[in-house]
Amino acid sequence: MDRETEALLRSSLRAVLSEPGERSLEARLAELGWDDVVAVDGVTARSLLFEVKGEVLSAADALGPMLSGIAASEGPAQAASATLVLPMSLRETPDCSVVDGSITVDGVALQPPGVDSLIVPVAGPGGVRLAIGPARFGSSPLGGTDPDLGLVRVTASMVAAEVTWIEAQAWEAMVATGRYALAIELSAIADRVVANAVGYTKERHQYGRPIGSFQALQHRLAAAHASVVGAGNVAREAARSGDGWTAMVAKYLAGRAAEGACTQAQQSYGAIGFTWEHDFHRSLRRVYLLDRLFGGWRELEVEIGETLHRTGNVPKIGHL
Amino acid sequence: MAAARIGGSGMQLTLGPEAEAFRAQVRTFLERALPTGWAGFGALDRDEAAEFAIEWRKVLAEHGYIGLTWPKEYGGGGRSKVDQIVLSEELVRARVPFGILADTTSVKMMGNTLVRWGTEEQKRTHIPRIISGEEIWVQGYSEPQSGSDLASLSLNAVRDGDEWVLNGQKIWTSSGMVGTHIFTLARTDLDAPNNHGISFLMVPANAPGVDIRPITTLTGVAEFCEVFYTDVRIPATSVVGEVNEGWKVATSLLGLERGEEAATNPIWFRAELDRIVALARERGLTDDPVVRNKLAWCYSKVEIMRYLGYRIVTQYVKDGALGPEASISKLYWSEYHQEAAQLAVHLLGARAMVREGRRPLRFFRTDEPGAPNNTNSWIDVFLLNARAGTVYAGTSQIQRNILGETMLGLPREPR
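Just so you know, the residues in each chain are numbered from 1, in the order the chain's sequence is written. Following the order in which they are written, the chains are lettered starting with A and the ligands numbered starting with 1. Per-residue local features are limited, in this predicted model, to residues with pLDDT of at least 70; the limit for side-chain atom pairs, both in listing and counting, is 80 or more; totals at the level of whole chains, interfaces and linings are taken over all residues. For side-chain calculations, the full set of non-hydrogen atoms in the structure is used, while hydrogens and water are omitted.

A.B. asks: Mind laying out the pattern of salt bridges, listing which residues take part and the relevant values?
C.D. replies: The term salt bridge refers to a side-chain nitrogen of Lys or Arg lying within 4 Å of a carboxyl oxygen of Asp or Glu. Following the criterion strictly, the structure yields 46 salt bridges over all chains and no others. One salt bridge connects Asp146(A) with Arg286(A), and the closest N-O pair in it is separated by 2.4 Å. One end of the pair, Asp146(A), is in the loop between strand E6 (136-141) and strand E7 (152-159); the other, Arg286(A), is in helix H8 (residues 280-291), and 140 residues separate them in sequence. Taken individually, Asp146(A) and Arg286(A) each receive the classification buried, so the pair is uniform in this respect. One salt bridge connects Arg79(B) with Asp83(B), and the closest N-O pair in it is separated by 2.7 Å. Linked by salt bridges that have partners in common, Glu20(B), Arg23(B), Arg27(B), Glu89(B), Glu90(B) and Arg93(B) make up one network. By the criteria applied, helices consist of DSSP H or I runs no shorter than four residues and strands consist of E runs no shorter than two, each listed in order from the N terminus. Any residue under 20% of the maximum accessible area for its type is buried, any over 50% is exposed, and the rest in between are partly exposed; the area is computed with a 1.4 Å probe on protein chains only.

A.B. asks: Quick rundown of H8(A)? Include the residues and the values.
C.D. replies: Side chains three or four residues apart in an α-helix point the same way, a direct result of the helix having 3.6 residues per turn. Take the number of residues in a helix, subtract one, and multiply by 1.5 Å to get its expected span. Helix length check: H8(A) (12 residues) gives 17 Å between terminal C-alpha atoms against 16 Å at 1.5 Å per residue, within 8%. When we look at burial in H8(A), the residues that qualify are Phe280(A), His281(A), Ser283(A), Leu284(A), Arg285(A), Arg286(A), Val287(A), Tyr288(A), Leu289(A), Leu290(A) and Asp291(A). Here a residue-residue contact requires only that any non-hydrogen atoms of the pair lie within 4.5 Å. Those residues of H8(A) hidden inside the fold are in contact with helix H5 (168-203), helix H7 (244-269) and helix H9 (297-311) of chain A together with helix H9 (325-348) and helix H10 (375-389) of chain B.

A.B. asks: Break down the interface of chain B and chain A for me, citing the residues and quoting the values.
C.D. replies: Across the contact, 45 residues belong to chain B and 44 residues belong to chain A. Values labelled buried area give the accessible surface lost by two parts on being combined, using a 1.4 Å probe and summing over both. Carbon and sulfur atoms supply 55% of the area buried between chain B and chain A, which totals about 3900 Å² over both sides. Among the residues chain B hides against chain A, the three largest losses belong to Leu218(B), Met353(B) and Arg387(B). Together they make up 20% of the total. The partner of Asp106(A) in a salt bridge is Arg351(B), and the shortest N-O contact between them spans 3.6 Å. We define a polar contact as two N or O atoms separated by no more than 3.5 Å, with the added condition that, inside protein, one atom must be a possible hydrogen donor and the other a possible acceptor, whereas residues neighbouring each other in sequence contribute only through side-chain atom pairs. Here chain B is connected to chain A by 17 residue pairs in polar contact (both at pLDDT 80 or more). Of all the secondary structure elements, the ones that give two or more residues to the side of chain B that touches chain A are strand E8 (210-216), helix H8 (289-319), H9, H10 and helix H11 (396-407) of chain B. It is H10(B) that contributes the most residues to the side of chain B that touches chain A, 6 residues altogether.

A.B. asks: Can you break down the packing of helix H1 (residues 3-18) of chain A against helix H2 (residues 25-32) of chain A residue by residue, with the values?
C.D. replies: All names here are of chain A. Only the contacting stretch of a helix is used when fitting its axis, a line to C-alpha atoms as for every element, and angles between N-to-C directions run 0 to 180 degrees. Two elements in contact, H1 and H2, have axes separated by 10 Å at closest approach and are oriented at 145 degrees. When the axes of H1 and H2 are compared, the crossing they make is right-handed. Of the residues in H2, those in contact with Leu9, Ser12, Leu13, Val16 and Leu17 of H1 are Leu25, Arg28, Leu29 and Leu32. Under this grouping Gly is polar, as are all residues other than the nonpolar Ala, Val, Leu, Ile, Met, Phe, Trp, Tyr, Cys and Pro and the charged Asp, Glu, Lys and Arg. Here the residues of the contact of H1 with H2 sort into 7 nonpolar, 1 polar and 1 charged. Here a crossing is called left-handed whenever its near helix is offset anticlockwise from the far helix by less than a right angle, and right-handed whenever the offset is clockwise.

A.B. asks: Can you lay out empty space enclosed by the protein for me, pointing to particular residues and giving the numbers?
C.D. replies: Cavity: a set of points on a 1 Å grid over the protein atoms alone where a 1.4 Å probe fits but cannot get out. Pocket: an open set with protein on both sides within 12 Å along at least five of seven lines, its lining residues, like those of a cavity, having an atom within 4 Å of a point. Grid points are joined across faces, edges and corners, and a volume is the space filled by probe spheres set on the points. Under the defined criterion, the tally for this structure stands at 8 cavities of 30 Å³ or more. Its boundaries defined by the atoms lining it, the largest cavity holds a volume of some 150 Å³. If you trace the largest cavity, you find 16 residues lining it, with Tyr65(B), Gly67(B), Gln84(B), Val107(B) and Lys108(B) closest to the centre. Of all the secondary structure elements, the ones that give two or more residues to the lining of the largest cavity are helix H3 (81-93), helix H4 (103-117) and helix H7 (254-282) of chain B. The dominant element in the lining of the largest cavity, judged by the number of residues it contributes, is H3(B), at 4 residues. Looking at the lining of the largest cavity residue by residue, the class counts come to 10 nonpolar, 4 polar and 2 charged. The calculated volume of the second largest cavity comes to roughly 130 Å³. Together, 14 residues line the second largest cavity, and Lys53(A), Ala60(A), Asp61(A), Leu110(A) and Leu149(A) are the ones closest to its centre. Listing elements by their share of the lining of the second largest cavity, those giving two or more residues are helix H3 (34-55) and H5 of chain A. Each residue belonging to the lining of the second largest cavity can be placed in one class, and the counts come to 11 nonpolar, no polar and 3 charged.

The analysis is restricted to geometry; functional conclusions fall outside its scope.
Have a look at this one:
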C-alpha cells in the first residue's frame, strides 16, 4: 500500500471508528469495501485498523470477527458465527478441560454470544484444541474496569461428544493474531496518552513556568515515548510476519509500555488525572483491560524468559 | 529516649516506661472494646464499615483517645506526643481506625493547629466540638492553578469592617461532602511575596456563598470536592495565628503527623504485604521465581520502612523535632506502594479483569487491614490509592527536589 492510499485509509478508518450509534463495526467496514482493501494489502489494512482504533479509543469489537474467521477457515463454517470464549488465563491450568465427557467453560467473550454455539480452547496432551459446538451457557456483562468494551463473562458447559474439534494450529494462529492486534492497539493508546500528557505539561504552569520545562517531567515523558515507539515497531513487525513468537514479544512490550506510559502521564497530570472529568482515565482503564487479554505483560515476560531458557535459542525479530 | 539497642534477639524499640505503661492500658482497652475474633475494620463491607467508624469514634472520644495530647481544659487527654504515637500504633495494630476518614483533617490537622496557634476563645469554642465530632473540619489548600506551587494561591480575602470577604476557588478537598467547617488558606495581602500575605482562615461550610461540589474520581466514587467562594463573609476573628502568617501555621504541623506516620505506615504496609503473600498462595504462584523475587523485594522495603520509622520516632522523642529521615519517608512509602499494588494485580492475572467484592474502604494508602483479597480491592488500590500516593501531600518530584536541595545541598532548580 503506498503512502497516499495508506493516509486515505487511515482517514476513512478514523471516520468509521468514530461513528456514533449502534451500527456494528462489520457493517461499517463493509460499506468501506473492507474485504477489497484486505485483499490488496491485509497486513497494512489490519494494522491500521487497530492503530486507529487505539488512537480514537474506539470500543468497537474488531478482533472477535477476525478470530472467528480463523476458526472458520481451519474448521467448520459454523465457527464464523460462533462466539469465542477466551480462558481466564493462558499460563496456568486452563479453565477449560474435558472431564467425564463434558467441558466446563469459564471465560470472557469479546461480545455477547449471538447463537448457542461457542468456540472454546481446551487444554489437552497435544496442546490446546478448539472445541466448536452447542453449549448451555449463562452470560453477564464483565464490566471490569472498562464497561464500554462490552466484554462478557461466559460460564457454560458443552458435551464433548457434540463438539467439532480443530487442532492446535488454529488456536496458535488466533493467539498470534490476538496478540499482535492488541499490541498495535495498546501502542496506539499509549502514544495518545503520552501525546496528551505532553500537551498538558506545555499548558499547565507552576512556579511561573510550564511544568513541561522541568526535567523531572521531561525525562518521564521522554522515557515513556521511547518505550512506546519501540513497542509499536515490534507490534507492526508481528502483524507483518504473523509469527507467534514475535506477537508474544510485541504484546509483552506493548502492555508494559502502555502501563508505563499511563503511570508517567498520570504523574504529570497530578490530581486532575485522578478525576472522572478528565479524559485520561478512559485510556488508563482501557489499557488495564486490554493488557489482560491473551496474557498480561507480566505473564508474558515470564513465558518469554522460560522459552529462551528452555530452547537456548534467541530468535531474531524481523530485521531488528 | 527510645532505647534502640542491638541485642541477641535483634533491634528492639521501647519508648520508655511511661509510654509502655500507656501502651498496656490501650491494649487492655482494645481487648475489652473489640469483639472476640475481631478480623479487622477491613473485613467489614462498606456500609458496615461506615457505621462502625462512627460508633467506634464515639467509643474513642468517651475514653479520651481523640485529642489525646490536647490540654485537659479543652477536653483533651493531656498526654504526651509519645503517647499519641503509641496510641496510633496500637490502633493500627488492632486493625481499627482512629476515627472517621475526615478526622485526618479534622482531628489531626485542624485540632492540632488550634492547640498550637488558636486563641483562647477559638480553643474553647472548637476543640471540644472537634473531639465530640459535632464539628468536622476539612481542608481547603489547593487551587486549580496552585498545586505543587501552593504558595501562589489566589483565594482572595478582603477585610470589610469586622469581617473578611472571600472570593475564589479551592479544589481537592477530601471528605468535603461531610465537612461542617473548612480551614483554608487565603491571600490577605496582595503586595506581599508569595508565601507571605497568606492567612489561615476558618469558614463554616454552610456560610452563604460557599458552594461545595463533589468531584468524581476515576474509579467512579466521589471522594473529594471543589469549593467555590462567592462574597463569603466570615468574622474577623476567624484567623488562626497572625494575619498574613498563615503559611507558617499551615506548615507547622508536619512534626506530629510525620511521627505518627512513621509508626503506623510499616504496620499498614506489612498487613497489606501479608495479603499479597496470601494472594500468591491462593493463585498457586509461590513457586514462580519472579513472584518470589518480587515478594522478597516488597518484604525488604517494608522492613526498611519499619527501621526508618524507628529512627524517625526515636529522633522525634529525643529532640521533639524531625531528623532528615522524615523527608525520605513520604517518597519511600508512596513509590514502594505503586510496585506492591502492581504486583497484586499481576498475581490476579486475567482474574483482575473481573470486578468482585467490595471496593477499598479508603482512597489513600492501603485498603484497611483485614480487607478481603478480592479483585475490587486491588483494582482500585492499583488504579487510584497507590497512584495518587505519589501526587498528594507533595508529589514525588517535589519530595526529590526537597531532598536534593535541603539534604544533599544541591543547587536549587531554576524556578
